[in-house]
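# A closer look at the structure
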Amino acid sequence: MKAFPAYIDLRGRPVLILGGGAAALAKARLMLAAGAKLTLIAADFAPETKAELETQARLIAREPVAADIEASVLVFIADTEESEAWRWAEVARLAGVLLNVVDQPELCDFTTPSIVDRGRVTVSISTGGAAPVLGKRLRADIEALLPPRLGALAEFADRYRDTVKATIAPEERRTFWEEFFDGPIAAQILAGDEARAHEAMLALVNRPQAEEKTGAVHIVGAGPGDPDLLTIKALRLLQRADVILYDRLVSDEILSLARRDAERFYVGKAKSNHAVPQEEIEARLIEFARQGKMVVRLKGGDPFVFGRGGEELEALRNANIPVFVCPGVTAATGCAAAANMALTHRDHAQAVTFVTGHAKGEADPALDWSALAALKNTLVVYMGVTKAETIAAKLIEHGRGRDTPVAVIENGTRENQKIVKGALGYLAHLITASEIKGPALLVIGEVAALADGETLIDIIARQRAAA
Ligand code: SAH
């Protein structure tokens, strides 16, 4: 350890910055955030520095004197010529005041770290002056890991510290807090619902110890496949989950981001085509939560777009299990980006409709064909590959042109992504020729012509060349 990290309470204490330029302003912001009583002394001040700091700090336009330095707890020297910086550094050293000279590590008693600021919770990163850019990168990584409301969580815990001390035996306090930070109340605070969190906390500290604890369920969207498209929140939840129940469309790469010792259960369709029935999935979610576990129900795309997330939410609420929903990038927006095809476009489509092509057994999808055909907008069909021929025929029968552009995107955003495009009149042919099996989306409408993808002619030419 090259330097010792310590947190200094600067509230109301005198801090001096020698300098009036951009570097001085940057340090001034940090010091003001820490509540310091700030003075800047410089021959002259840059207009931005002056405008921003005038009301919050003392700005003095003159040469500094030794007494200025001696009266401060910390001193920064910024935007100051090297020879002069040396001179003031000497004064600071004699006075025993801690000094930071911007960009001159050899003159510094202390350095300012990269800071992740969550109010009461702060993380500071230092590379001992070796690699500030590395420090900034680490900071970005840690920023992504820590929930934005972490400070509020610490604040909340602080407010209940005395109550917990009064009601919970010393030997049980540690476990109490550990369960608190893993449990549903903490999740509520992080989700921004402090009112309910207070209610639950009061109930928790006042009830007899013997009562069983409940966990929580997070219904989480995993996006269309590419792990980079996970939300930061989804990643965080995966890394905290005790149990994960996941679907067929969740990629292995995404699962590999989960906490190593999390229990994982596959609840999608097996090879034999027998999915775990919906009621059983719901029953399992409830059971795990009642065991006090932090459960993640991980679904492809977004849980509320053809994902039965609504049903699970309802079942969990009826069972009084704390439940939270984390959205994901849905297949339509993921595939559109992958194909470089806007779903709405000022020249081609003013609206977009998501429908499911899925139907019970052999039946045709029960859609309002005349309404869909009448919309000259973008139609995105989920689960529509096997019924593509019927879907095209019905739309044409109800007035959509045979030459309406279509695109089919299979495994969008994944490594094995396939995109083909053509016209509605030969949609089924396009799917057969390109051997698309799914998961795939059908996109019907003018915008489909914009997709990066192979046409039927390209496919045939490629197959001839290969033969
Ligand atoms: N909740 C999911 C959709 C589940 S329904 C979401 O919001 O995306 C399953 C259907 O989604 C598949 O049959 C397919 O039509 C579509 N789908 C999901 N992932 C896909 C992908 N990576 N590429 C193309 N289509 C996909």
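Coordinates for the structure precede this section.
This section reports on the structure supplied with the text. (Residues numbered from 1 in each chain as written. Predicted model: local features only at pLDDT ≥ 70, side-chain atom pairs only at ≥ 80, totals over all residues. Heavy atoms only, no water.)

### Considerations on the overall build of the protein
Defined as follows: Numbering of helices and strands starts at the N terminus; helices are DSSP runs of H or I of at least 4 residues and strands are runs of E of at least 2. Each radius of gyration is computed over the set of C-alpha atoms, and the globule rule expresses the reference value as 2.2 Å times the number of residues to the power 0.38. Buried means the residue's accessible area, taken with a 1.4 Å probe over protein chains only, is under 20% of the maximum for its type, while exposed means over 50%, and partly exposed covers the values in between. Computed with the Shrake-Rupley method and a 1.4 Å probe, the accessible areas treat only the protein chains shown as cover for residues.
Counting secondary structure elements, the protein contains 19 helices and 17 strands. In summary, the protein has a C-alpha radius of gyration of 30 Å against a globular reference of 23 Å for 467 residues, an excess of more than 25%. Expressed as lengths along the three principal axes of its C-alpha atoms, the size of the protein is roughly 90 × 60 × 40 Å. Per-residue burial over the protein gives 42% buried out of 467 residues. Total accessible area on the protein stands at roughly 24900 Å², and carbon and sulfur atoms take up 53% of it.

### Some details on helix 6 (residues 150-159)
To keep it simple, the criterion reads: Contact between two residues is taken to exist if any of their heavy atoms lie within 4.5 Å; hydrogens are not considered.
Listing the buried residues of helix 6 in full gives Leu150, Gly151, Leu153, Phe156 and Ala157. Buried residues along helix 6 sit against strand 6 (114-118), strand 7 (121-125), helix 7 (161-167), helix 8 (170-182), helix 9 (184-190) and helix 10 (194-206).

### Quick word on the side chain of His218
Position of His218 among the secondary structure elements: in strand 8 (residues 216-221). Note on His218: relative accessible area 7%, which makes it buried.

### Some details on helix 10
Inclusion rule: Every helix has an expected span of 1.5 Å times one less than the residues it contains.
Between its terminal C-alpha atoms helix 10 stretches 18 Å, which fits the 18 Å expected from 13 residues at 1.5 Å a residue. Looking at the packing, one finds that the buried side of helix 10 touches helix 6, helix 7, helix 8 and helix 9.

### A closer look at the pattern of salt bridges
In plain terms, the rule: Here, a salt bridge means any Lys or Arg side-chain nitrogen found within 4 Å of an Asp or Glu carboxyl oxygen.
For the structure shown, the criterion picks out 19 salt bridges. The shortest N-O distance in the salt bridge between Arg139 and Glu143 comes to 3.3 Å. In this pair, Arg139 and Glu143 are both assigned in helix 5 (residues 132-145), four residues apart and thus about one turn of the helix distant. Assessed through its relative accessible area of 24%, Glu143 is described here as partly exposed. Each of the salt bridges in this network shares a partner with another, and the network as a whole consists of Asp247, Arg297, Lys299 and Glu312.

### Considerations on the site of the ligand
Under the convention used in this document: In this text, near means that some heavy atom of the residue lies within 4 Å of the molecule or strand in question. N or O atoms within 3.5 Å of each other form a polar contact, as long as, within protein, one can give a hydrogen and the other can take it, and as long as residues adjacent in sequence are counted only when both atoms are side-chain atoms. Buriedness of a pocket was judged along seven lines, with at least five required to meet protein on both sides within 12 Å; pockets are open sets of points on a 1 Å grid over the protein atoms alone, cavities are sets where a 1.4 Å probe fits but cannot get out, and lining residues have an atom within 4 Å of a point. A pocket or cavity is taken to hold a molecule when more than half of that molecule's atoms are within 2 Å of the pocket's grid points. Side-chain classes are defined by residue name, with Ala, Val, Leu, Ile, Met, Phe, Trp, Tyr, Cys and Pro counting as nonpolar, Asp, Glu, Lys and Arg as charged, and the others, Gly among them, as polar. For each domain, the first and last residues come from an automatic or database assignment.
Taken together, the neighbourhood of the ligand is formed by 19 residues, with Asp302, Val305, Thr330, Ala331 and Ala440 sitting nearest. Backbone polar atom of Pro224 to a nitrogen atom of the ligand: 2.9 Å apart, as the coordinates give it. Contact with the protein chains removes 93% of the 540 Å² of surface that the ligand exposes when unbound. Assessed atom by atom at 2 Å from the grid points, the ligand resides in the largest pocket. Elements supplying a minimum of two residues to the shell around the ligand: helix 15 (331-338) and strand 17 (440-444). In the shell around the ligand, the residues fall into twelve nonpolar, five polar and two charged. Split by domain, the shell around the ligand shows at least three residues from each of two domains, domain 3 (214-329) and domain 4 (333-466).

### Some details on the sheet that holds strand 8
The condition is simple: Strands pair, by our definition, only if DSSP identifies at least two bridges between them. Working convention: axes come from line fits to C-alpha atoms, limited for helices to the stretch in contact. Angles between N-to-C directions cover 0 to 180 degrees.
The strand order across the open sheet formed by five strands is 10-9-11-8-12, and the pairing between neighbours is parallel. The open sheet has two free edges, formed respectively by strand 10 (263-266) and strand 12 (323-326), since each of these has just one partner strand. Along the sheet, successive strands turn relative to each other by an average axial angle of 20°, direction set aside. Two strands pair when backbone bridges link them, and strand 9 (residues 243-246) and strand 10 are joined in this way by four bridges, in the parallel orientation. Note that in strand 10 the partner of Ile244 across the bridge is Arg264. Along the sheet, helix 11 (residues 232-240) contacts strand 8, strand 9, strand 11 (294-299) and strand 12; its crossing angle with strand 11, the most-contacted strand, is approximately 130°. The strands that helix 14 (residues 309-318) touches are strand 8, strand 11 and strand 12; relative to strand 8, the one it contacts most, it runs at about 175°.

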